[in-house]
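What follows is each chain in one-letter form.
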Amino acid sequence: MPTTTSGFFLQCASLDTLELVLPAAGAPFGVEHHRREEAAGPWRHAATFAGDLGPVGAVALIQSNFGDPGHLEAVVRAGDRLAALWCAREPSWSEPSWSEPRFFAEGADGDPALIQGGFGGRGNFELVVPHASGGIAHYHRDNDTAELGWRGPAIFGAELGRFDAVAMIQRGAGAPGAPGDIEVVARIGDRLLMFRRSPGAGAAWQGPEEVVSGIRGTPALFRGTSGGEGTLELFSPLAGVGLARWCRGDGGRGARFRGPAVFATDLGRCEAVSVIESRPLGRIELAVRAEGRIVHLVRDGELWSQREVPRGGSPSPAEAPSPATPPAPAPRPTSAAPQLRAGPHRAGFRRIDELSLSADACYPAAWPFQGAIYRCPARGAALLYYPASADGEEAPLSPGGPFPVIAIAHERRLPTSAVTSGSPAGIEQDYRQLAGVMAHLARWGFAVIAPDLSWLTPDDAPLRRAAVLRDALSHLRAGSRGPLLADFDHVGLLGHGLGAQAALALALDAACPFHVRALALLAPAGELDRAPPIDGLAPRPVLLVHGTADPIAAAVPATLYDRARAPKHLVTVPGASHFGYTTSLGLAEPVDGPAGLSRREQQAIAMGYVAAFFNVYLRDARRCLGALSGKESLEGLEAREIPVSAEMPGGGAGL
């Protein structure tokens, strides 16, 4: 059957083999073709073709209705040129034989999306690709003609600027015997927009319709077969780490996508995803490009399994379902990103838009600072992560609660800061900065809340920030589900940058209605002479994490460690910057220093030590003390040298 969903991954009709194509990782370049012939069998490298094209930027794959069981058809982007190739699919083949490339277009910029549509006797090929001069280029190949020539481009969406990626699908039939609409989602920045057109010559593209935001990379559209007219599902890499899934009914136009359900955060930052519903079991299967790796994900019910697809001819590792508590990974080379063990839960999250602010959190009137006027909002906002039975927004709560609760004070970002691609568009979203850390803690059984502090100026830190942090905990406790979710006898605080002073101030506030049992500070910054006296925290423990490539915190963490009394822990991360701990915020230099670690590595290290610290002091998981004292390596970081200083009651110290 012809393929009506775009991607670089498919299941062959009648043969049921899985086929995957991707740009070759190195010389001789071209395109790698991988195949999986049995459900329980390994992935193997079938061929590398089109080597004469040199480095390939992207490739799209379909199975057409030419031949029996149908040729594999690919469109490859090399530079800004597009070339079409095909391969006869035979049941007994061992070495696929791909045709020579046939160039048909220039000016492409991004991953192409290819389908075989329902217009025409045999069904035209339809292709969309971001255009280098702006907008999206649409080409089609009339498969009822002898020359099989490509026609186009028809450019649409040019007034919106340059797009980064596209995905395409043809919906089910409209009128009896008529093909359905062609729908395209296109990424511009961190937003996805949807366009649609009726099939056939001369039809105009309609849209755009805003779909979702907070994403990156190349998305995938997929129409499931479950229920009535089916559902349209959207998968996309997130702007931070992992993937998300949205869905809507496919019965008519105008329906909204529901979601997201977040998953695969252990893969780190993902670049592209392709999806199928495999036969005969109807399982959802994904191929994901993530930081140089190709990973095959399979969902059976709520359980995902994953297998890395080997590059070249290397063997495939055995596949196993991902358990709730995965086994400890083997040590990895120093240059590799650490794979820290996830906790036994999933990470649900909830957005809070009606956070009541107390009088000592609010400005009495407009507050001028550095040429700007600051005002407190009528209601505050916050983000809540919690242990759940599935990943995603409003996911069901895990059994076993109430859980220890952690409140987070985020770092401040100047409104004039230069922001890298994929970051929130405005400072009003800064409370999302540590979403990756929050999700990791939720998976380890903590309820974590981060209020918005972006409307506060730095000159009245830390007291107003501490008040907002307290208000967030009060809001959570007052909610109908708060006592079921959070154990307010076991409260921890986490502060990043300027937020560290707010967390410390709340921990030292004798009038605070919450007993703070543990305090963790990521890259604490600010003026030391204005910082609350950290020695007053004892005998409650403190963790300080800082990086050697952090020009903003500089000597503050070490000074606070010297002033603190036991129990105290200091983790020094070689090559870590100031803002690298953040999932959804990237500041361009020179605001931050040049990091010697990738953001994923830096975040993973911080997540590991912060989770270990709160497990020890909010749950009494003493087995983690070895890593927090420097006597043992943190699980997953055995290959790294991370200096850890510690001082425990009674004078015990570790280095």
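Further up the page is the structure itself.
For the structure given in this document, a descriptive report is provided here.

### Some words on the packing of aromatic side chains
- A complete count under the given rule lists 15 aromatic pairs for this structure.
- Consider the rings of Phe 9 and Trp 43, whose centres lie 6.3 Å apart with planes at 50 degrees: the pair is tilted. Of this pair, Phe 9 sits in strand S1 (residues 9–11) while Trp 43 sits in the loop between strand S3 (31–36) and strand S4 (44–49), and the two are 34 residues apart along the sequence. In this pair, the class of Phe 9 matches that of Trp 43, namely buried.
- For the ring pair Phe 163 and Phe 195, a centre distance of 6.1 Å and an interplane angle of 75 degrees mean the geometry is edge-to-face. Taken as a pair, Phe 163 in the loop between strand S12 (150–156) and strand S13 (165–170) and Phe 195 in strand S15 (residues 191–197) lie far apart in primary sequence, 32 residues in all. The burial state of Phe 163 is the same as that of Phe 195; both residues are buried.
- The rings of Phe 66, Phe 104, Phe 125, Tyr 139 and Trp 150 are connected pair by pair, giving a single aromatic cluster.
- The lysine or arginine in question, Arg 122, covers the ring of Phe 66, its NZ or CZ lying 4.2 Å from the ring centre.

### Description of the sheet that holds strand S5 (residues 58–63)
- With respect to topology, four strands assemble into an open sheet ordered S5-S6-S7-S8, the strand pairing being antiparallel. Because the sheet does not close on itself, it has two edges, and the strands there are S5 and strand S8 (102–105). Shown here is a sheet whose adjacent strand axes are inclined to one another by a mean of 25 degrees, direction ignored.
- Alignment of S5 against strand S6 (residues 72–78), held across six bridges, turns out to be antiparallel. Bridging across to S6, Gln 63 finds its partner in Leu 72.

### Digging into the sheet that holds S15
- The antiparallel open sheet is built from four strands, whose spatial order is S13-S14-S15-S16. Looking at strand neighbours, the two that pair on one side only are S13 and strand S16 (206–213), the edges of this open sheet. Adjacent strand axes in the sheet meet at a mean angle of 25 degrees when their direction is disregarded.
- In the sheet, S15 pairs with S16 via five bridges, with the strands oriented antiparallel.

### Some words on the packing of helix H2 (residues 463–478) against helix H4 (residues 499–508)
- Relative to each other, H2 and H4 sit at 70 degrees, their axes nearing to 8 Å. In terms of orientation, H2 lies roughly perpendicular with respect to H4. When the axes of H2 and H4 are compared, the crossing they make is right-handed. Here Arg 465, Ala 466, Leu 469, Arg 470 and Leu 473 of H2 come into contact with H4, specifically with Ala 502, Ala 503, Ala 505 and Leu 506.
- Its residues assigned to classes, the contact of H2 with H4 comprises seven nonpolar, no polar and two charged.

Thresholds applied
Residues numbered from 1 in each chain as written. Predicted model: local features only at pLDDT ≥ 70, side-chain atom pairs only at ≥ 80, totals over all residues. Heavy atoms only, no water. Phe/Tyr/Trp six-rings, centres within 6.5 Å; stacked < 30°, edge-to-face > 60°. Helix = DSSP H or I, 4+ residues; strand = E, 2+ residues; numbered from the N terminus. Buried < 20%, exposed > 50% of the residue type's maximum accessible area, 1.4 Å probe, protein only. Lys NZ or Arg CZ within 6 Å of the ring centre and 35° of its normal. Pairing = 2+ DSSP bridges. Axes fitted to C-alpha atoms, helices over the stretch in contact; angles between N-to-C directions. Parallel < 35°, antiparallel > 145°, perpendicular 65-115°, else oblique. Left-handed = near helix turned anticlockwise from the far one by under 90°. Contact = heavy atoms within 4.5 Å. Nonpolar A, V, L, I, M, F, W, Y, C, P; charged D, E, K, R; others polar.

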